[in-house]
Amino acid sequence: MSEILVNVGKRIREIRKARGLSQTALAEKCGFTFSYIGGVERAEKNISLLNLEKIADGLGVGVHQFFMYSYQYEQLTANETTIKEIISLLIDQDSHSIEMVKNIVAEVLKNQRK
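On a predicted model such as this, the values are computed, not experimentally measured, just so you know.

**Focus: the environment of Q93**
Assignment of secondary structure puts Q93 in the loop between α5 (78-90) and α6 (95-113). Spatially, the C-alpha atoms of Q93 and G9 are 24 Å apart, while their sequence positions differ by 84 residues.

**Some details on the nonpolar core**
Buried together is how nonpolar side chains tend to be arranged in soluble globular proteins. Within the largest apolar cluster, 18 residues are counted, with the highest numbers of intra-cluster contacts made by I12, L26, F32, I55, L59 and F66. Looking at this core, the elements with two or more residues in it are α1 (3-18), α2 (23-30), α3 (34-41) and α4 (49-59). When residues in this core are grouped by element, the largest group, four residues, is from α4. Dropping the residues within four chain positions of it, F66 is found in contact with V8, R11, I12, I15, L52, I55, A56, L59 and V61.

**A closer look at the side chain of N51**
With respect to the helices, strands and loops of the structure, N51 is situated in helix α4. Its relative accessible area of 18% is what places N51 among the buried residues. For N51, the residues in contact, after removing those within four places along its chain, are F32 and Y36.

**As for the environment of G31**
One can find G31 in the loop between α2 and α3. Judged by its relative accessible area of 64%, G31 is exposed. Sequence separation between G31 and K54 is 23 residues, and the spatial gap between their C-alpha atoms is 8.3 Å.

**Describing the packing of α2 against α3**
Packing of α2 against α3 leaves a shortest axis separation of 8 Å and a crossing angle of 110°. Taken together, the axes of α2 and α3 are roughly perpendicular relative to one another. From α2, Q23, T24, L26 and A27 reach across to α3, where they touch F34, I37, G38 and E41.

**Observations concerning α2**
For α2, every residue scored as buried is listed here: L26, A27 and C30. An end-on view of α2 places all buried positions within 100° of arc, on one side of the element. Opposite the buried face of α2, by more than 90 degrees, sit the exposed residues E28 and K29. The elements touched by buried residues of α2 are α1, α3 and α4. Once α2 ends, the next one or two residues include G31, with phi positive near 80°.

**Quick word on the pattern of salt bridges**
Once the charged atoms of two side chains with opposite charge are near each other, the side chains can pair. Going through the model one piece at a time under the given rule, you end up with seven salt bridges. The salt bridge partner of E41 is R13, with a shortest N-O separation of 3.4 Å. Of this pair, E41 sits in helix α3 while R13 sits in helix α1, and the two are 28 residues apart along the sequence. Taking the relative accessible area as the measure of exposure, E41 reaches 2% and is therefore buried. We note a salt bridge from E99 to K102, for which the minimum N-O separation is 3.1 Å. With a gap of three residues between them, E99 and K102 both fall in helix α6, about one helical turn apart. Here the salt bridges do not stand alone but share partners, grouping R11, E14 and K84 into one network.

Criteria and thresholds
Residues numbered from 1 in each chain as written. Predicted model: local features only at pLDDT ≥ 70, side-chain atom pairs only at ≥ 80, totals over all residues. Heavy atoms only, no water. Helix = DSSP H or I, 4+ residues; strand = E, 2+ residues; numbered from the N terminus. Core = buried A, V, L, I, M, F, W, Y, C linked by side-chain atoms within 4.5 Å. Buried < 20%, exposed > 50% of the residue type's maximum accessible area, 1.4 Å probe, protein only. Contact = heavy atoms within 4.5 Å. Axes fitted to C-alpha atoms, helices over the stretch in contact; angles between N-to-C directions. Parallel < 35°, antiparallel > 145°, perpendicular 65-115°, else oblique. Arc of directions from axis to C-beta. Salt bridge = Lys/Arg side-chain N within 4 Å of Asp/Glu carboxyl O.

Quick look at the structure:
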């Protein structure tokens, strides 16, 4: 299996899950079958650039996001994985929404210290 297919597939799965989408829901948005999406995520399909673009559109991200993976992916702690998922959720939000989330998190953490 090609390392790039594995890493891109993992990244697609990561973004899909962060968006709260099932394979079926993403497939419907892209015009694919859920088994095709599963095959891409498991690196069983050699995805074309056109299909990669359709998946990016379905996820609401740029194609470049699929190539922003860490070679230390498997070594992430549970907290690091959760933080990456939070960042994926926030990446396409406007500055007002991001500021609001920051304030909420700061308030929650401040209240935990009391």
